[in-house]
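Observations on the three-dimensional arrangement
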Amino acid sequence: MANVHDVISVAPVAEPDWAEAVRLLEQAVKAGNQDPNGLYMLAMAYKHQGRPADARATLARIADPDANVYLQRGVLAFNEREWADAGDNFAKAWEKDASSFPAAYNLMLTRLCTGQLDQALETLDKLVPLAPSPAENRFLTVLRGLLGRPGAEASAEQIHYLSTITTDEEQRLLDMIVGLNQFEVVYRLLAKLVSARPNSEPAFRAYIGAALVQAKNLVDRCQWSDAELLLSPLRRRLESSQVRLDAFYLISILNMLGTAACMSQDFERGLVHFRAAAEAFQRDFNTAGPANKADRYVNAQGVYIGAWLEQNLALANEALGRLEIAEAHWNRYFDYLEHYFPRSLPPDYLQNLAFANASRLADLFSRKEKWLAAARFLERAHRIRPTDYETLERLFHMYTQMKRTDDARKVLRRLREVRPNDPQAELFELEVREARKLDEVDALLTDLKRIAQRFPNDTRVEERGAAIVHNLVPILDRIADQYASQVNKVVDQMRRLPSYQINWPTVREIMHDMEDKYLFLRRVAQKCLAHVTSDDTRRELHRLISHCDRKIDQCHSLAE
Amino acid sequence: MPPPNTPVVLQLAPLPRTQIGPFLILGVDKDASKEVIEAAWAEKIKQARRGAIKTPLEDINWAREMLSSKESRIRCDAVAFNVDTTDGTLKKLKERYQGKTQVEVRCKPIDTEKWLADYVPPTPVPTVEEIRGIVQIPEIPREVPAVRVMLEDFVEERIDPWKVELDA
């Protein structure tokens, strides 16, 4: 089919020098030439030079514009998307020259672009007889068939044309429709074209594409319900259609549906869509395709599509509080990210992303007291950034909490390698040390004192020392209780037995021994006081010391 | 008071902005450049002021702030849902349907220009004779000092007999 531009030809100029033309024409106008054609030529030279504002200003100076001047004003306004001005000028051009096909066609196009379907149809009715060729006439008839009012019966001729249009005609029609800038118009026309040509792949692709763009606009405006309303029937149509489109269209629809559902706080429904997206991708993955098919699975930053789909699933599960399932998805997500580390752009993007997420998840799982999973995420973060001190520190505390002393010691060694002279690492060593007996507690306190002397006025040391001592107080209480029960046991027996049956030398020996033990306990409690910052702990220790004092007196009296 | 058996409609509180994330609030891709983010932010601010969107202004500003530093952007990326595919299906479609050059490329008006190759400006151009007729040569008065100087120069100039060119 001949293009309308071929029919209404403009004689080509061999390599026009628009700059020189502008220079000379400007001189002519400046010298006083106000001839409409002179100004028109200058305006056209401006237009071809890419100066539409100057072109429009020059055309506006023409005193008595003819049809073509109005047409050019309209074209320039149309290109600037100033539809009202464009429509006004095209209408005037048509008024001046009722036989002008370009003026009428452009007016119809402008009305389509502004969504004035009825007016466009009205113009189209008058436009068809003006068509400069049978091919153009046929094209416009097809367009009229598409534009027909909803419910209005299309003529037999229109139906015939719609079902028999050639690939070129269809492409031209699609190009025109897609460029209309009005979603409602574009969608309506494409829907009609698709129902007239159910097996046309380009028409169906354009139809789905237009809906996807509109849905994305709705998502971008956070209009979640509207996006779902548009996408849900579209998904059904896409899945039931005989025309097979690119799988990524379906994945995009499902991703948007899932996101919209989650943003509407229906995470369960979001999960259903995200699962369907993952399945659609899996099907596409398993389908044979060109050698470079896998290239599109990785974006410019190096993120694999599988990672994105897993991330969506993980986030939805996380929101539902299904942390075990979320963990499985996150693990797959990290595996994909780590696999593509070498393709990361910028080079550290994927590493940073994986690290930030692993750290966040470690926090999240710790808060939920899922220590094992939290430790696994921290281990992953540590693998990504082996020298990150904060991660090592958190990992150390995690292992300590989980009583994984050997792992904690390994992390401690690594901490010392990363920061050889850091008092924190020395203090961490004290934390992993087992202190159940009094002499172990005493040794720990001695080391704590040594570290405090080595790093004087270091608040971190003071704080950490206070925390360690705070944890020691219950141990000292427990030891004091043990001692008390031992003393009480002896005293009970002494009360029950007659004096002659009591083995006084043994009693004295035991009491002497207990007195020594209490003295030691008291010394250790005193040592603790040096590191205490909290009033509660200090009170606890003073109570323990008083208790020791009483017991020492008791043991002493019994030992005499 | 509503009639009995009327279902009570509970309205959910909107999701916190941290759960929506800055990418969805501004409607930008995860790999969006700084310029794109700034443009999206400006557009959203306009829309919010016009009441075209429900997103609060402070959330829009927060989203821009979150995406302005590398660290916070990465953290937000980690908890953001993915709408598009890795080959940018939606991005390409949007460019195709609503891109800058979309109207010029796809929905072109018919642009016909007047044929003015034979154009002659309507300015009257006089002939040489007419111009000669118009120009009046002034008579040089004898008393003009230049005449005397010119004659003196002519008289004082030495004549080289070998270089004298005679008219044919």
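**Focus: the overall build of chain A**
Helix and strand counts for chain A come out as 27 helices and 0 strands. The globule rule puts the C-alpha radius of gyration for 560 residues at 24 Å, and the 42 Å found for chain A is more than 25% above it. For the C-alpha atoms alone, the extent of chain A along its principal axes is close to 140 × 60 × 40 Å. Nonlocal contacts in chain A, meaning residues at least 24 apart in sequence, comprise 61% of its contacts between residues at least 6 apart. Entry remark: accessible area of chain A is about 26500 Å², with carbon and sulfur atoms responsible for 50%. Of note, chain A has its 73 positive side-chain charges centred 4 Å away from the centre of its 78 negative side-chain charges.

**Topic: the interface of chain B and chain A**
The interface is formed by 56 residues belonging to chain B together with 85 residues belonging to chain A. For chain B, the biggest contributors to the area lost against chain A are B:Phe81, B:Thr86 and B:Ile110; these three give 13% of the whole. The residue B:Glu113 makes a salt bridge to A:Lys47 at a minimum N-O spacing of 2.9 Å. One can count 29 residue pairs in polar contact (both at pLDDT 80 or more) joining chain B with chain A. Breaking the side of chain B that touches chain A down by element, the ones donating at least two residues are α1 (17-20), α2 (22-26), α3 (34-50), α5 (70-78), α6 (89-98) and α7 (102-106) of chain B. With 7 residues, α6(B) is the largest single contributor of residues to the side of chain B that touches chain A.

**Description of the pattern of salt bridges**
Counted under the stated rule, the structure contains 51 salt bridges over all chains. Between A:Arg296 and A:Asp246 there is a salt bridge, with its nearest N and O atoms 2.5 Å apart. A residue pair is termed long-range when its members are at least 10 positions apart, and A:Arg296 in the loop between α16 (267-286) and α17 (305-319) and A:Asp246 in the loop between α14 (224-240) and α15 (247-263) qualify at 50 residues. Since its relative accessible area comes to 31%, A:Asp246 is described here as partly exposed. Its salt-bridge partner being B:Glu38, residue B:Arg64 comes within 2.9 Å of it at the nearest N-O pair. Here the residue B:Arg64 occupies a position in helix α4 (residues 57-66), and B:Glu38 occupies one in helix α3, the gap between them amounting to 26 residues. Given a relative accessible area of 28%, B:Arg64 falls into the partly exposed group. Given a relative accessible area of 30%, B:Glu38 falls into the partly exposed group. Several salt bridges converge on common partners, so that one network encompasses A:Asp246, A:Arg296, B:Asp87 and B:Lys92.

**Focus on the domain arrangement of chain B**
Here chain B is partitioned into domain 1 (17-98) and domain 2 (124-157). Each of domain 1 of chain B and domain 2 of chain B has a C-alpha centre, and these two points are 81 Å apart.

**Some details on the state of the cysteines**
All chains considered together, the criterion is met by 0 disulfides over all chains. Sulfur of A:Cys528: no disulfide; nearest cysteine sulfur belongs to A:Cys548 and is 11 Å away.

**Notes on the packing of helix α24 (residues 438-454) of chain A against helix α26 (residues 504-529) of chain A**
Residue and element names in this part refer to chain A. At their nearest, the axes of α24 and α26 sit 10 Å apart, and the two run at 30° to each other. With respect to α26, the axis of α24 lies roughly parallel. As α24 packs across α26, the resulting crossing turns out to be left-handed. Residue-level inspection shows Leu-438, Asp-439, Val-441, Asp-442, Leu-445 and Thr-446 of α24 in contact with α26, the latter providing Lys-517, Phe-520, Leu-521, Val-524, Lys-527 and Cys-528. Looking at the contact of α24 with α26 residue by residue, the class counts come to 7 nonpolar, 1 polar and 4 charged.

**Some words on a nonpolar patch on the surface**
Residue and element names in this part refer to chain B. Nonpolar side chains collect at one region of the surface, where Ile-131, Ile-134, Val-135 and Ile-137 lie side by side and expose about 450 Å² of accessible area between them. With respect to the helices, strands and loops of the structure, Ile-134 is situated in helix α8 (residues 128-134). For Ile-134, a relative accessible area of 63% gives the class exposed.

**With respect to the environment of A:Val490**
By the secondary structure assignment, A:Val490 is in helix α25 (residues 459-496). Those residues in contact with A:Val490 that sit more than four places away from it in its chain are A:Val507, A:Ile510 and A:Met511.

Conventions adopted
Residues numbered from 1 in each chain as written. Chains lettered and ligands numbered in written order. Predicted model: local features only at pLDDT ≥ 70, side-chain atom pairs only at ≥ 80, totals over all residues. Heavy atoms only, no water. Helix = DSSP H or I, 4+ residues; strand = E, 2+ residues; numbered from the N terminus. Rg over C-alpha atoms; globule rule 2.2 N^0.38 Å. Contact = heavy atoms within 4.5 Å. Areas by Shrake-Rupley, 256 points an atom, 1.4 Å probe, with all protein chains shown as cover. Lys, Arg positive; Asp, Glu negative; His and termini not counted. Charge placed at Lys NZ, Arg CZ, Asp CG, Glu CD. Buried area = accessible area lost by both parts, 1.4 Å probe. Salt bridge = Lys/Arg side-chain N within 4 Å of Asp/Glu carboxyl O. Polar contact = N/O pair within 3.5 Å; in protein donor to acceptor, adjacent residues only side chain to side chain. Buried < 20%, exposed > 50% of the residue type's maximum accessible area, 1.4 Å probe, protein only. Domains from an automatic or database assignment. Disulfide = S-S within 2.5 Å. Axes fitted to C-alpha atoms, helices over the stretch in contact; angles between N-to-C directions. Parallel < 35°, antiparallel > 145°, perpendicular 65-115°, else oblique. Left-handed = near helix turned anticlockwise from the far one by under 90°. Nonpolar A, V, L, I, M, F, W, Y, C, P; charged D, E, K, R; others polar. Patch = residues over 30% accessible without salt bridge, like charges linked within 9 Å, V, L, I, M, F, W, Y side chains within 5 Å.

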